[in-house]
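Residue-level structural notes
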Amino acid sequence: MSDKAADGKGVPVRLDKVSFSYGEALFAFDVEFAAGEITAILGPSGSGKSTLLNLVAGFETPGSGRVLIGGADISGEPPAVRPVSMVFQENNLFAHLSVEQNVGLGRSPSLRLADADHADIAEALARTGLAGKEKRLPRELSGGERQRVALARVLVRDRPVLLLDEPFASLGPALRDDMLDLVSGLHAERGMTVLFVTHQPQDARRVGQKVVFLDNGAVAATGTTDDFFAGAGPEAFRRYIGAGAGDALSRDIARKRT
Ligand code: ADP
Ligand code: MG
């Protein structure tokens, strides 16, 4: 898998004056995500975080404007051919397929797999701590293990853009930190461009290099994670994380810097 790492290098993702609507709910996104970085996408519930990812993945199509990945306009392309993988909060796996098969789908939707594919699948399972669980069904796994399977599939799919839509929201804090570390580690190895939606500001602080803050269907602010959490974020962001949460975060940041 290591010789594929170069192919997996991140590429920029741009929403160029994209407009979209669900009935009365209007969205206007004009933003670029830098190649090879992890950007945390934060914002209140209903602000359009999932909608933004769905426009990049191709599950939704802009009313106007363009979606560019690696400089290419992919606005009209179906999801399957876009150079992206996506992990959702849940329901990432097929219940009737084993762990190994669920991961194999990242390589071949018909599960026609060559020896080299099986080797890559085994390596991805080892990398995500799932060795020995190949034959299990999703229901025989914990919630954290199921999300590891989804990440293993991302590894064998090996696309330059990774979209994460609150993938660890249903996990407890300790397990969530383990999973964030796993994402950081995979990112360090592969260098893909990661758009990471989370409603936990501390997740952004832990893995994000940049922050994109959404409010009411549009990008309200962008910046580095350090600036955002040092208080340079917009008023709406400070309201969002709350004064108390901000203090706790500042302490957390101070600890990490010592
Ligand atoms: P977030 O992920 O930030 O919580 P979403 O992008 O899911 O927000 O939703 C933004 C808005 O769009 C919400 O008001 C939501 O009700 C509406 N919406 C989302 N998905 C659909 C849909 N499939 N059909 C109609 N409205 C939707
Ligand atoms: Mg959402």
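The structure under discussion appears in the preceding block.
First, a word on scope: everything that follows refers to the structure included in this document. (Residues numbered from 1 in each chain as written. Chains lettered and ligands numbered in written order. Predicted model: local features only at pLDDT ≥ 70, side-chain atom pairs only at ≥ 80, totals over all residues. Heavy atoms only, no water.)

A few words on the overall build of the protein. Assigned secondary structure in the protein consists of nine helices and ten strands. What you see for the protein is a C-alpha radius of gyration of 18 Å, in line with the 18 Å of a compact globule of 258 residues. In terms of overall dimensions, the protein has C-alpha extents of about 55 × 45 × 35 Å along its principal axes. Of the contacts made within the protein by residues no fewer than 6 positions apart, 69% connect residues no fewer than 24 positions apart. For the protein, the exposed surface amounts to about 11700 Å²; the carbon and sulfur share of it is 50%. Here the protein contributes 30 positive and 33 negative side-chain charges, whose respective centroids are spaced 2 Å apart. (Helix = DSSP H or I, 4+ residues; strand = E, 2+ residues; numbered from the N terminus. Rg over C-alpha atoms; globule rule 2.2 N^0.38 Å. Contact = heavy atoms within 4.5 Å. Areas by Shrake-Rupley, 256 points an atom, 1.4 Å probe, with all protein chains shown as cover. Lys, Arg positive; Asp, Glu negative; His and termini not counted. Charge placed at Lys NZ, Arg CZ, Asp CG, Glu CD.)

With that out of the way, let us pick up the environment of Asp73. Position of Asp73 relative to the elements: it lies in strand E5 (residues 72-73). Note on Asp73: relative accessible area 41%, which makes it partly exposed. Those residues in contact with Asp73 that lie beyond four places of it in its chain are Arg66, Val67 and Leu68. Reaching out from Asp73, the side chain makes a polar contact with the side chain of Ser75 at a distance of 2.5 Å. (Buried < 20%, exposed > 50% of the residue type's maximum accessible area, 1.4 Å probe, protein only. Polar contact = N/O pair within 3.5 Å; in protein donor to acceptor, adjacent residues only side chain to side chain.)

Moving on to the site of ligand 1. In the neighbourhood of ligand 1, the contacting residues comprise Tyr22, Phe27, Pro44, Ser45, Gly46, Ser47, Gly48, Lys49, Ser50 and Thr51. Between an oxygen atom of ligand 1 and a side-chain N or O atom of Lys49, the distance comes to 2.8 Å. A distance of 2.9 Å separates an oxygen atom of ligand 1 from a polar atom in the backbone of Ser50. Coverage of ligand 1 by the protein amounts to 56% of the 560 Å² it exposes when considered alone. In terms of residue count, the dominant contributor to the shell around ligand 1 is helix H1 (residues 49-57) (three residues). Across the shell around ligand 1, the residue classes break down as three nonpolar, six polar and one charged. (Near = heavy atom within 4 Å. Nonpolar A, V, L, I, M, F, W, Y, C, P; charged D, E, K, R; others polar.)

This part is about the packing of aromatic side chains. If you walk through the whole model with that rule in mind, you get ten aromatic pairs. Aromatic pair Phe213 and Tyr240: ring centres 5.6 Å apart, planes at 45°, arrangement tilted. Placement of Phe213 in strand E9 (residues 210-215) and of Tyr240 in helix H8 (residues 235-241) is noted, with a sequence separation of 27 residues between them. Assessed through its relative accessible area of 0%, Phe213 is described here as buried. Chaining the aromatic ring pairs together yields one cluster made of Phe213, Phe228, Phe229, Phe237 and Tyr240. (Phe/Tyr/Trp six-rings, centres within 6.5 Å; stacked < 30°, edge-to-face > 60°.)

This part is about the packing of helix H4 (residues 143-157) against helix H5 (residues 173-190). To characterise two packed helices, one gives the angle between the axes of the helices and the distance between these axes. Relative to each other, H4 and H5 sit at 10°, their axes nearing to 11 Å. Taken as axis vectors, H4 and H5 run roughly parallel relative to one another. Each of Gly144, Gln147, Arg148, Leu151 and Leu155 in H4 lies in contact with H5, whose residues at this interface are Leu175, Asp178, Met179, Leu182, Val183, Leu186 and Arg190. Of the residues that constitute the contact of H4 with H5, the class distribution is seven nonpolar, two polar and three charged. (Axes fitted to C-alpha atoms, helices over the stretch in contact; angles between N-to-C directions. Parallel < 35°, antiparallel > 145°, perpendicular 65-115°, else oblique.)

Turning to the pairing of strand E7 (residues 161-165), a few remarks are in order. Counting buried positions over the five residues of E7 gives five, a clear majority of the element. Neither face of E7 is open: one carries Val161, Leu163 and Asp165, the other Leu162 and Leu164, and all of them are buried. Here E7 runs beside strand E8 (residues 193-197); their pairing, made up of five bridges, is parallel. In the strand pairing of E8, Leu163 is matched with Leu195. Once the chain exits E7 it traverses H5 before rejoining the sheet at E8, and the crossover so formed is right-handed. (Pairing = 2+ DSSP bridges. Right-handed = clockwise from strand over helix to strand, strands pointing away.)

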